[in-house]
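One letter stands for each residue in the lines below.
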Amino acid sequence: MSEPSVLVTRTLVEEAMRALDGHCEVDLYEGPPEAIPREYLLRRAAGKQGLLTILTEKVDAELLDAAGPELKIVANHAVGFDNIDVPECTKRGVLVTNTPDVLTEATADLAWTLILACVRRLGEGERLMRARTPWIWGPTMMMGHDLHGKTLGVVGCGRIGRAVVRRAHGFGMRVIYNDAIRLDADAESELGVEWREWGDLLGESDVVSVHAPLTPQTRHLINADALRAMKRSAVLVNTARGPMVDEQALADALRSGEIFAAGLDVYEREPQVTEALLDLDNVTLLPHLGSATIETRTAMGLLAVENLLAGLNGERPRTLLNP
Ligand code: DGY
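Residues numbered from 1 in each chain as written. Predicted model: local features only at pLDDT ≥ 70, side-chain atom pairs only at ≥ 80, totals over all residues.

**Some thoughts on the overall build of the chain**
To keep it simple, the criterion reads: Secondary structure elements follow DSSP: runs of H or I of four or more residues count as helices, runs of E of two or more count as strands, with numbering from the N terminus. Radius of gyration: over C-alpha atoms. The globule rule applied is 2.2 Å multiplied by the number of residues raised to the 0.38 power. Buried means a residue has 20 or more other C-beta atoms within 10 Å of its own C-beta, exposed means 12 or fewer, and partly exposed covers the counts in between; C-beta atoms are placed from the backbone. What counts as a contact here is a pair of residues whose C-beta atoms, placed from the backbone, lie within 7 Å.
When helices and strands are tallied, the chain shows 13 helices and 12 strands. The C-alpha radius of gyration computed for the chain amounts to 21 Å, which stays within 12% of the reference 20 Å derived for 323 residues, consistent with globular compactness. Dimensions of the chain along its principal axes, counting C-alpha atoms only, are 75 × 50 × 30 Å. Taken across its 323 residues, the chain has 41% of its residues classed as buried. Long-range contacts, defined as pairs at least 24 residues apart, comprise 63% of the intrachain contacts of the chain with a sequence gap of at least 6.

**Considering the packing of helix H5 (residues 104-119) against helix H7 (residues 159-170)**
For clarity, the threshold we go by: Only C-alpha atoms enter the line fits that serve as axes; for helices the fit covers just the stretch in contact. Angles between N-to-C directions range over 0 to 180 degrees. Orientation is classified from the angle alone, with under 35 degrees giving roughly parallel, over 145 giving roughly antiparallel, 65 to 115 giving roughly perpendicular, and any other angle giving oblique. Less than a right angle of anticlockwise turn of the near helix away from the far helix marks a crossing as left-handed, whereas a clockwise turn marks it as right-handed. Nonpolar residues are Ala, Val, Leu, Ile, Met, Phe, Trp, Tyr, Cys and Pro. Charged residues are Asp, Glu, Lys and Arg, and all others, Gly as well, are polar.
One way to put it is that H5 packs onto H7 with a least axis distance of 8 Å and a crossing angle of 55°. Taken together, the axis directions place H5 and H7 in an arrangement best described as oblique. Considering the relative orientation of H5 and H7, their crossing is right-handed. Residue-level contacts link Thr104, Glu105, Thr107, Ala108, Ala111 and Trp112 of H5 to Arg159, Ile160, Ala163, Val164 and Arg167 of H7. Among the residues making up the contact of H5 with H7, the classes are represented as 6 nonpolar, 2 polar and 3 charged.

**Quick word on the sheet that holds strand E9 (residues 207-210)**
Let me state the cut-off plainly: In this description, strands pair whenever DSSP reports at least two bridges between them.
Read across the sheet, 7 strands follow the order E8-E7-E6-E9-E10-E11-E12 without closing on themselves; strand pairing throughout is parallel. Edge positions in the sheet fall to strand E8 (194-195) and strand E12 (283-285), since each has one partner strand and no second. Alignment of E9 against strand E10 (residues 235-238), held across 4 bridges, turns out to be parallel. Bridge pairing links Ser209 to Val237 in E10. The sheet strands contacting H7 are strand E6 (151-155), strand E7 (174-178) and E9, and the helix crosses E6 at an angle near 170°.

**Quick notes on the UniProt feature "domain: D-isomer specific 2-hydroxyacid dehydrogenase NAD-binding" (unreviewed entry) in the chain**
Formally: UniProt positions are given in the numbering used here, feature names are shortened, and annotations may be inferred rather than shown by experiment.
As recorded in UniProt, the feature "domain: D-isomer specific 2-hydroxyacid dehydrogenase NAD-binding" (unreviewed entry) lies at residues 113-290. Secondary structure across residues 113-290 divides into 35% helix and 15% strand, with the first and last C-alpha atoms of the span separated by 10 Å.

**Quick look at the nonpolar core**
Note the cut-off: As used here, a nonpolar core is made of buried Ala, Val, Leu, Ile, Met, Phe, Trp, Tyr and Cys residues. They are joined through C-beta atoms within 7 Å. The split of the chain into domains comes from an automatic or database domain assignment.
By size, the foremost hydrophobic cluster in this structure holds 92 residues, and its most contacted members are Val235 and Ala262. Each of domain 1 (5-100 + 294-312) and domain 2 (104-285) accounts for three or more of the residues forming this core. With sequence-adjacent residues up to four places away left out, Ala262 is seen in contact with Cys118, Val235, Leu236, Leu250, Leu254 and Val283.

**Describing unusual backbone geometry**
The general pattern is negative phi for most residues beyond glycine and trans for most peptide bonds. Of the consecutive residues Glu270 and Pro271, the connecting peptide bond is found in the cis state with omega at 5°. Here the phi dihedral of Asp101 falls at roughly 70°; this positive angle occurs in a residue that is not glycine. Looking at the secondary structure, you find Asp101 in the loop between strand E5 (95-97) and H5. Accessibility expressed as a C-beta count within 10 Å gives 15 for Asp101, which makes it partly exposed. One non-glycine residue, His220, lies in the positive phi region at around 55°. When you line up the elements, His220 lands in the loop between E9 and helix H10 (224-229). For His220, a count of 15 C-beta atoms within 10 Å corresponds to the partly exposed category.

**So, the pairing of E6**
Convention followed: Classification remark: right-handed applies to a crossover when, strands pointing away from the viewer, the course from the first strand over the helix to the second runs clockwise.
Most of E6 sits inside the fold, with 5 of its 5 residues counted as buried. Here E6 shows no split at all, with Thr151, Gly153 and Val155 on one side and Leu152 and Val154 on the other all buried. Where E6 lies against E7, 5 bridges are found, and the strand directions are parallel. Directly across from Thr151, in E7, lies its bridge partner Arg174. For the crossover that starts at E6, traverses H7 and ends in the parallel E7, the hand is right-handed. Relative to E9, E6 runs parallel, the two being bridged by 4 bridges. What sits directly across from Gly153, in E9, is Val208.

Put into structure tokens, the structure is as follows:
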């Protein structure tokens, strides 16, 4: 019997690529830095039984039509799956999987990297040194803010949000959260968090860290009104999905001093960054590195491949998204 044929839209870590060997015929797109062009994606998906996608690939009715009736599974190499029309896949009997859990701790670490970079003006200090700017220690030089005794506001208290909360206690912070689904009282007290209405969370937090999924309801959740409701000393960090923050409104708020600083790992029109942000000193920008550790990317790649192969073999994948 011939091996099932699959399209892999970006080269995975070596271990994950090797895990595909001998199980399927792989059509690999090897063209970074650009994402696989849509035309190419539509063309190469034709007749495939499996697609191993990343967040840049929009999996919608058009792509499913192009792939055709042989398609069994779309294995997304990410925990987020806002790039996939899951109901449409379900309607057509196509399995969809993601890679939860394995990237929780790495992403929480990166959120904290940005929180610390923002409150202690790390980027600014680094740029000053590299520019060989003359400097001398001074009592008022480049002052940031303390974290201990302050309040962290977590937006979205799922797996990653909760991992961010656990780290906050080590920094001596009080934690409040807002989520469409409120945790039960036992879970709140075990985690050491208090629920707040949206407006209260914004007004009380010294650091607001975003960990919710991107949905029509969370698009531009952080808009001009939300930024105005935050403290002038507050920091905003987004390691979830870019379109949850209105980048132009954020640039305006940072420029006018409406908030103290921001740290972004994800962008509204990724990989583009709103030009106005690039000129500001009080924003720290990273190129979507949340899960970018060797250990985590290996685990993500292996889980995506495991899911793909299970779906091709007619088994239930470990992290299935279809209801
Ligand atoms: C995800 O998994 O959703 C990240 O954004 C990519 O690591």
